[in-house]
Amino acid sequence: MFLLHEYDIFWAFLIISSVIPILAFAISGVLAPVSEGPEKLSSYESGIEPMGDAWLQFRIRYYMFALVFVVFDVETVFLYPWAMSFDVLGVSVFIEALIFVLIPIVGSVYAWRKGALEWS
């Protein structure tokens, strides 16, 4: 027979962590002042009157570099626990981590050779 009472703390945490954000949004929706007008609908540019359209099209290069940064940043976060327990783990885990590191490196070299990371 399953012992579901062992998961009571999990269900309590799940319910509380779901109720708190819902309550925060509900309370702020009730207490927040509602004042709609042309000033509220205009975009904010550090106190200066906005000039031109608020929707600017950015070059895709910015997103490419940001994506490469995020990939390597997340990879570093995943490698940190592995590095802390490296002496306990065996050779097979070292090979897995090496493959884990090589996949983004090979992808970056491929993108570099294709010219996707060129700025001009």
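Just so we're clear, the structure is a prediction, and the values are computed from it rather than from any experiment.

Calculation notes
Residues numbered from 1 in each chain as written. Predicted model: local features only at pLDDT ≥ 70, side-chain atom pairs only at ≥ 80, totals over all residues. Heavy atoms only, no water. Phe/Tyr/Trp six-rings, centres within 6.5 Å; stacked < 30°, edge-to-face > 60°. Buried < 20%, exposed > 50% of the residue type's maximum accessible area, 1.4 Å probe, protein only. Helix = DSSP H or I, 4+ residues; strand = E, 2+ residues; numbered from the N terminus. Axes fitted to C-alpha atoms, helices over the stretch in contact; angles between N-to-C directions. Parallel < 35°, antiparallel > 145°, perpendicular 65-115°, else oblique. Contact = heavy atoms within 4.5 Å. Nonpolar A, V, L, I, M, F, W, Y, C, P; charged D, E, K, R; others polar.

## Overview of the packing of aromatic side chains
The description of an aromatic ring pair rests on the distance of the ring centres and on the angle between the ring planes. Counted according to the given criterion, the structure contains three aromatic pairs. Plain terms: the ring middles of Phe-10 and Trp-11 are 5.0 Å apart, the flat faces sit at 65 degrees to each other, and that makes the pair edge-to-face. What makes Trp-11 partly exposed here is its relative accessible area of 46%. On the numbers, 6.3 Å between centres and 25 degrees between planes, the contact of Trp-82 with Phe-94 is stacked. Taken as a pair, Trp-82 in helix α3 (residues 60-84) and Phe-94 in helix α4 (residues 91-114) lie far apart in primary sequence, twelve residues in all. According to the relative accessible area criterion, Phe-94 is partly exposed, its value standing at 37%.

## Here's the deal with the packing of α3 against α4
The contact between α3 and α4 brings their axes to 11 Å, and the two run at 170 degrees. It follows that α3 is roughly antiparallel to α4 by the angle criterion. Contacts between α3 and α4 pair Val-71, Phe-72, Glu-75, Phe-78, Leu-79 and Trp-82 from the former with Val-93, Phe-94, Ala-97, Phe-100, Val-101, Pro-104, Ile-105 and Ser-108 from the latter. Among the residues making up the contact of α3 with α4, the classes are represented as twelve nonpolar, one polar and one charged.

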